[in-house]
Amino acid sequence: MRYDDFRRSDDIEDRRDDGGGMGGGGGFGLPMGGGGLGIGTIIVLGLISYAFGIDPRLLIGGAEILSGGSQAPSYQSDRRSGKTGAPTDEMGSMISGILGEIDDRWSEIFQASGQSYTGPKIVLFRNATNGGRCGMAQSAMGPFYCPPDQKIFLDTGFFREIETRFRGCSGNACKFTAAYIIAHEAGHHVQNLLGVIPRVTQLQQQVSSKAEANALQVRVELQADCLAGVWVNREAKKRPNFLEAGDIDAALTTASAIGDDTLQRQATGRVVPDSFTHGSAAQRKQWFTTGVRQGTVEACNTFERGAL
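Rules behind the numbers
Residues numbered from 1 in each chain as written. Predicted model: local features only at pLDDT ≥ 70, side-chain atom pairs only at ≥ 80, totals over all residues. Heavy atoms only, no water. Phe/Tyr/Trp six-rings, centres within 6.5 Å; stacked < 30°, edge-to-face > 60°. Helix = DSSP H or I, 4+ residues; strand = E, 2+ residues; numbered from the N terminus. pLDDT = per-residue confidence, 0-100. Contact = heavy atoms within 4.5 Å. Pairing = 2+ DSSP bridges. Axes fitted to C-alpha atoms, helices over the stretch in contact; angles between N-to-C directions. Polar contact = N/O pair within 3.5 Å; in protein donor to acceptor, adjacent residues only side chain to side chain. Buried < 20%, exposed > 50% of the residue type's maximum accessible area, 1.4 Å probe, protein only. Core = buried A, V, L, I, M, F, W, Y, C linked by side-chain atoms within 4.5 Å. Disulfide = S-S within 2.5 Å.

## Regarding the packing of aromatic side chains
Turning to step 1, where the next piece is worked out: If you walk through the whole model with that rule in mind, you get 7 aromatic pairs.
Turning to step 2, where the next piece is worked out: For the pair Y180 and F288, a centre-to-centre distance of 4.8 Å together with 55° between the ring planes defines the contact as tilted. Taken as a pair, Y180 in helix α5 (residues 172–194) and F288 in helix α10 (residues 281–294) lie far apart in primary sequence, 108 residues in all.
Turning to step 3, where the next piece is worked out: Here the aromatic residues F6, F176, W231 and F242 are joined through ring pairs into a cluster of three or more.

## Section: the confidence of the model for the chain
Turning to step 1, where the next piece is worked out: Scored by pLDDT, the chain comes out at a mean of 76, with 72% of its residues at no less than 70.
Turning to step 2, where the next piece is worked out: With pLDDT under 50 throughout, residues 21–80 is counted as low confidence; its partners more than four residues away or in other chains account for 137 contacts.

## Quick notes on the sheet that holds strand β7 (residues 151–155)
Turning to step 1, where the next piece is worked out: The mixed open sheet is built from 5 strands, whose spatial order is β2-β1-β3-β7-β6. Looking at strand neighbours, the two that pair on one side only are β2 (83–84) and β6 (144–146), the edges of this open sheet.
Turning to step 2, where the next piece is worked out: Inspection of the sheet shows strand β1 (residues 12–14) paired to strand β3 (residues 121–125) by 3 bridges, in the parallel sense. The residue bridging I12 from the neighbouring strand is I122, located in β3.
Turning to step 3, where the next piece is worked out: Along the sheet, helix α3 (residues 90–112) contacts β1, β3 and β7; its crossing angle with β3, the most-contacted strand, is approximately 165°.

## Topic: the environment of R239
Turning to step 1, where the next piece is worked out: In this structure, R239 sits in the loop between α7 (210–238) and α8 (247–257).
Turning to step 2, where the next piece is worked out: Once the C-alpha coordinates of R239 and F6 are considered, the two residues, 233 residues apart in sequence, prove to be 9.3 Å apart.
Turning to step 3, where the next piece is worked out: At a separation of 2.9 Å, a polar atom in the side chain of R239 contacts the side chain of E101.

## Some thoughts on unusual backbone geometry
Turning to step 1, where the next piece is worked out: In this structure, N127 is a non-glycine residue whose phi angle is positive, near 70°.
Turning to step 2, where the next piece is worked out: Relative to the helices and strands, N127 resides in the loop between β3 and β4 (128–130).
Turning to step 3, where the next piece is worked out: Of note in this structure, Q150 is not a glycine but carries a positive phi near 55°.
Turning to step 4, where the next piece is worked out: Inspection of the secondary structure puts Q150 in the loop between β6 and β7.
Turning to step 5, where the next piece is worked out: Residue Q150 is classed as partly exposed on the basis of its relative accessible area, which comes to 32%.

## A word on the nonpolar core
Turning to step 1, where the next piece is worked out: In terms of nonpolar packing, the biggest core is built from 48 residues, with M1, I95, W106, I122, F159 and F288 touching the most fellow members.
Turning to step 2, where the next piece is worked out: Looking at this core, the elements with two or more residues in it are α3, β3, β7, α4 (157–165), α5, α7, α8 and α10.
Turning to step 3, where the next piece is worked out: Among residues more than four places away in sequence, those in contact with I122 are D11, I12, E13, I95, L99, I152, L154 and I182.
Turning to step 4, where the next piece is worked out: Core analysis: the second largest hydrophobic core is formed by 8 residues, V123, M141, C146 and F153 among them.

## Looking at the state of the cysteines
Turning to step 1, where the next piece is worked out: Counted according to the given criterion, the structure contains 2 disulfides.
Turning to step 2, where the next piece is worked out: The partner cysteine of C134 in its disulfide is C146, sulfur to sulfur 2.2 Å. Looking down the S-S bond of the C134 and C146 bridge, the torsion is 90°, so its handedness is right-handed. Of this pair, C134 sits in the loop between β4 and β5 (136–138) while C146 is found in strand β6, placing the two residues 12 residues apart along the sequence.
Turning to step 3, where the next piece is worked out: Residue C226 pairs covalently with C300 via a disulfide, S to S 2.1 Å. Between C226 and C300, the disulfide has an S-S torsion of -75° and is therefore left-handed. Of the two residues, C226 is situated in helix α7 and C300 in the segment after α10; the sequence distance between them amounts to 74 residues. For the pair formed by C226 and C300, the shared burial category is buried.

## With respect to the pairing of β7
Taken residue by residue, a regular strand's side chains alternate between the two faces of the sheet.
Turning to step 1, where the next piece is worked out: Burial of β7 is extensive: 5 of the 5 residues sit out of reach of the surface.
Turning to step 2, where the next piece is worked out: Side chains of β7 alternate between two faces, with K151, F153 and D155 and I152 and L154 buried alike.
Turning to step 3, where the next piece is worked out: Alignment of β3 against β7, held across 5 bridges, turns out to be parallel. For V123, the partnering residue across the bridge sits in β7 and is F153.
Turning to step 4, where the next piece is worked out: Here 3 bridges tie β6 to β7, and the two strands are oriented antiparallel to one another. Within the sheet, the bridge partner assigned to Y145 lies in β7 and is I152.
Turning to step 5, where the next piece is worked out: Between β6 and β7, which follow one another and run antiparallel, lie 4 residues, and Q150 among them has a positive phi close to 55°.

What follows is the structure, encoded as structure tokens:
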């Protein structure tokens, strides 16, 4: 991926020099449901967090934080604001550039439909930081989007982990995989602005089983994958030379590696489809590819009957 000419965004809050401390004093525990969870379940959820979707701790506690409703656990605001603006180091500059281009393309898409777009902020950190209304952000959780605060939390060490964790990702191809990850989280932000996340949260509260609630979240995650592909499509039209050989293949390899079926098989040796929260490897590849090929929000209707 070529990103030298990307527009750098100033919507970056850099807490990487905070030493992993938690602002405001006092640590934050994981919000647990009644009776607690077995260590095996926590390990699986930790692995699934690599699917970089909505914070898996919210699934552990059963809290509906997606809409910032009253059932969400309350956390103290972070008193450390970090440095705001485009970072100058290589990793920070790349992330700032990716966010700038994502904001520009989505602003164009929204404007074409008569709407205005305000992009998310990215919080960069190391090890752990206060995640605002979404609780504690830890590096082991992977990147996640916090809807109430409209922020993406990202430990930059995650991208180095990708290079060793997922085959087929090296050099510039890994940089594009990082762009795919950030674009996926920005896809959640788009869903938030369009009212998809609040509507799904309401539906999740109305269904009668956890499996049905999980199925709805799978559709949310697959739509975010598709929306990431829409950004790639629009960016390639704006900057025809930004994609390099192997970029799309690297992203597809990552999408496959973070499918729920792949992660569950690695963690426990078996697959439980009713517990999926992000979609199978094949589904994630399918919807990202759909976005890349068609380049429209309308193509990303994962809620249509038969879409899965």
